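Structural overview for review
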Amino acid sequence: MTTPQPVLALTGIHKSFPGVKALTDVSLRLYPGEVHALMGQNGAGKSTLIKVLTGLYTPEAGRITLDGETIAPRRTEEAQALGIQTVYQEVNLCTNLSVAENICAGRFPRKWGRIDWQAVNAEAKRVLAQMDLDIDVTAPLSRYSLSVQQMVAIARALRVQAKVLILDEPTSSLDDAAVQRLFTVLKRLRSQGLAILFVTHFLDQTYALADRITVMRNGETEGEYLASDLSRLALVNKMVGAPPDQQPTRLDSRAPKTGAPVLKAQGLSRRGALHPLDLELRRGEVLGLAGLLGSGRTEAARLLFGADTADAGHVETGEHSGRWHSPRQAIAAGIAFCSEDRKHEGAILDLSVRDNILLALQARAGLRLVMNHEQQQALADDYIQRLGIKTPNADTPIGQLSGGNQQKALMARWLATDPAVLILDEPTRGIDVRAKEDLMDAVRALAHREDGQGMSILFISSELPEVLHCSDRVLVLRDRRAAGEYRRGELDERSVLEVIAAEPAATEAA
Ligand code: ADP
Ligand code: MG
């Protein structure tokens, strides 16, 4: 299988959002008749790359070629006309329309200038039959499960003769049987010469299907590999960014001064999100959570903060013990949570840095916040100085700051509430290397105080070196349960990686 020319090639792609560099010099080559897995952790830039490819985003730099010719699609329809079919991560179908209408929408078969409904239904049946799916195509899509809806989205893409089929995390909502059905279809399409780009973060699925793998990390292309040449361990290594030479990271192995436990979770669990988890966090301690996407890190954080309600188990802090029913209870108990979703739950881009910092305090105190303008200004200035937030002044809209400085301002928002426990979920996502180091220094300084009375921090990051660098203790999660625990000093990258990359137990794989 030596194909000299890729059907689709991207080179030197750059794409930024306000304050976030989503893609830096990214390249990708796709050959006819292959399934190519695009892998990387949450936030690596996979979806953005695909949206650049299909004209939803315009890159600041870079080149896309199709069959050797430069293309610059500006709308999805343009990409489709060129033979690039895409099923996005966020399936956008109209559930109130019939299955057949969804499959044919935009390209209805017509007769005498009018939509030929018989042909529409027949066409839908034909495409679904390719996927061994036999359902009533005249029924509204809402009648069917999410997994059938996902298959319909794929059927819609398959209807048109394509050169390239792109699937962004198509299997996240599919059950095992549906995944098998999808894979059978994809293998058939591959043998017909289609180039398939398959975005996933499931290792098992990658090895079951992919010929070639491109790994993205942190907005950059880490590398391109033949699936048969890349071991599971090596792949995870590349996704989480451990150094290839396996040199042990230099760590300060002195145990920090820590105090009594401030947060304890026992048997904390939620169906479909987290198996019962025990966890203890001491005063002045940084506890890192390591693991791949879907391993349960964010799920654990959300349960500890009451953003989701646990089905079982409980959380204990100084005075409170029980199950959180809302974040308000957790906040009252001194817990703060900087979510990974900066865009939706975090910065309000057109508000000033000061107002962004004051938000959590305001929310907690409600109308009782009796702070005059000078006091608000002093508080904001204090955090700008303490965390080294680079901004012309506190009145600047936060959207004008770089990603790293936005992130620090969000941390300041929670620090202003003087929490006992600070949960940081992916605080370094999308920010540059210097800003990352800065932020990690700030995290360690908050926790590590001479008197052992610093803040307690739960630090979540997809970048293993960061977790190892920041944490006094690391809890490794895999398949939504704890899989290993390491203290600083006994921390060694190789063993953490092996735990992360381990195959699922035989019983679970079956
Ligand atoms: P992946 O699909 O690999 O999980 P994404 O491409 O969705 O990653 O995101 C890459 C980075 O770009 C992340 O830091 C994300 O927060 C950021 N990002 C993605 N889309 C937007 C957007 N529309 N506006 C601002 N930031 C975005
Ligand atoms: Mg994505």
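See the structure above.
Here's a quick rundown of the structure. (Residues numbered from 1 in each chain as written. Chains lettered and ligands numbered in written order. Predicted model: local features only at pLDDT ≥ 70, side-chain atom pairs only at ≥ 80, totals over all residues. Heavy atoms only, no water.)

Some details on the site of ligand 1
As a matter of local geometry, ligand 1 sits amid 14 residues, with G43, G45, K46, S47 and T48 nearest to it. The separation between an oxygen atom of ligand 1 and a polar main-chain atom of G43 is 2.7 Å. For ligand 1, an oxygen atom lies 2.9 Å from a polar atom in the side chain of S47. In the complex, 78% of the free accessible area of ligand 1, which totals 560 Å², lies under the protein chains. For the shell around ligand 1, the elements supplying multiple residues, two or more each, are strand 2 (20-30) and helix 1 (46-53). (Near = heavy atom within 4 Å. Polar contact = N/O pair within 3.5 Å; in protein donor to acceptor, adjacent residues only side chain to side chain. Areas by Shrake-Rupley, 256 points an atom, 1.4 Å probe, with all protein chains shown as cover. Helix = DSSP H or I, 4+ residues; strand = E, 2+ residues; numbered from the N terminus.)

Comments concerning the environment of L263
Position of L263 among the secondary structure elements: in strand 13 (residues 261-270). Considering only alpha carbons, one finds L263 and S321, 58 residues apart in sequence, at a separation of 9.8 Å. Setting aside chain neighbours within four positions, we find L263 in contact with L279, E280, L281, L304, V315, E316, T317, I335 and V421. (Contact = heavy atoms within 4.5 Å.)

A word on the packing of helix 8 (residues 232-240) against helix 17 (residues 493-501)
Relative orientation of the contacting elements helix 8 and helix 17 amounts to 110°, with a least axis distance of 9 Å. When the interaxial angle is binned, helix 8 and helix 17 end up roughly perpendicular. Residues R232, L233, V236, N237 and V240 of helix 8 form the contact with helix 17, whose own contacting residues are R494, L497, E498, I500 and A501. Of the residues assigned to the contact of helix 8 with helix 17, the class counts are 6 nonpolar, 1 polar and 3 charged. (Axes fitted to C-alpha atoms, helices over the stretch in contact; angles between N-to-C directions. Parallel < 35°, antiparallel > 145°, perpendicular 65-115°, else oblique. Nonpolar A, V, L, I, M, F, W, Y, C, P; charged D, E, K, R; others polar.)

As for the packing of helix 5 (residues 146-158) against helix 6 (residues 176-191)
For any two helices packed against each other, one specifies the crossing angle of their axes together with the interaxial distance. For the pair helix 5 and helix 6, the least separation of the axes is 11 Å and the interaxial angle reads 10°. By the angle between their directions, the pair helix 5 and helix 6 is classed as roughly parallel. Residues S147, M151, I154 and L158 of helix 5 form the contact with helix 6, whose participating residues are A178, R181, L182, V185 and L189. A class-by-class count of the residues in the contact of helix 5 with helix 6 yields 7 nonpolar, 1 polar and 1 charged.

Observations regarding helix 8
A large share of helix 8 lies buried, amounting to 8 of its 9 residues. Three or more residues of helix 8 are buried, namely R232, L233, L235, V236, N237, K238, M239 and V240. At its buried positions, helix 8 is contacted by strand 3 (35-39), helix 7 (203-209), strand 11 (212-217), strand 12 (220-226), helix 16 (464-470) and helix 17. G241 lies just past helix 8 and shows a positive phi near 85°. (Buried < 20%, exposed > 50% of the residue type's maximum accessible area, 1.4 Å probe, protein only.)

Re the packing of aromatic side chains
Scanning the model with the defined rule gives 5 aromatic pairs in all. With 5.2 Å between their ring centres and 75° between their planes, F17 and Y57 make a pair best called edge-to-face. Taken as a pair, F17 in strand 1 (residues 8-17) and Y57 in the loop between helix 1 and strand 4 (61-66) lie far apart in primary sequence, 40 residues in all. Looking at F17, the relative accessible area reads 29%, which means it is partly exposed. For the ring pair F183 and F198, a centre distance of 5.8 Å and an interplane angle of 75° mean the geometry is edge-to-face. Of this pair, F183 sits in helix 6 while F198 sits in strand 10 (residues 195-200), placing them 15 residues apart in sequence. Considered together, F183 and F198 belong to a single accessibility category, that of buried residues. Among the aromatic residues, ring-to-ring pairing joins F305, F337 and W414 into one connected group. (Phe/Tyr/Trp six-rings, centres within 6.5 Å; stacked < 30°, edge-to-face > 60°.)

Details of the side chain of N405
Relative to the helices and strands, N405 resides in helix 14 (residues 403-415). Taking relative accessible area as the criterion, N405 reaches 9% and is therefore assigned buried. A distance of 2.8 Å separates the side chain of N405 from the backbone nitrogen of K390, its partner in a polar contact.

Section: helix 15 (residues 433-447)
Helix length check: helix 15, at 15 residues, gives a terminal C-alpha distance of 22 Å against a target of 21 Å (1.5 Å per residue), a fit within 8%. Taken together, the buried positions of helix 15 are A435, K436, L439, M440, A442, V443, R444, L446 and A447. In this fold, the buried residues of helix 15 make contact with strand 15 (286-290), helix 14, strand 19 (421-425), strand 20 (456-460) and helix 16. (Expected span 1.5 Å × (residues − 1).)

Details of the sheet that holds strand 1
What links the strands of a sheet is backbone hydrogen bonding, and the strands pair in either a parallel or an antiparallel sense. Within the open sheet, the 4 strands sit side by side as 2-1-4-5. Their pairing is antiparallel. In the strand order of this sheet, the two ends are held by strand 2 and strand 5 (69-71), each with one partner. In this sheet, neighbouring strand axes are inclined to one another by 30° on average, regardless of whether the strands run parallel or antiparallel. Pairing geometry for strand 4 and strand 5, over 3 bridges, is antiparallel. Looking across to strand 5, one finds that L66 is bridged to E69. Seen against the sheet, helix 1 touches strand 1, strand 2 and strand 4 and runs at an angle of roughly 115° to strand 1. (Pairing = 2+ DSSP bridges.)

By themselves, these are just geometric observations and shouldn't be taken as functional.
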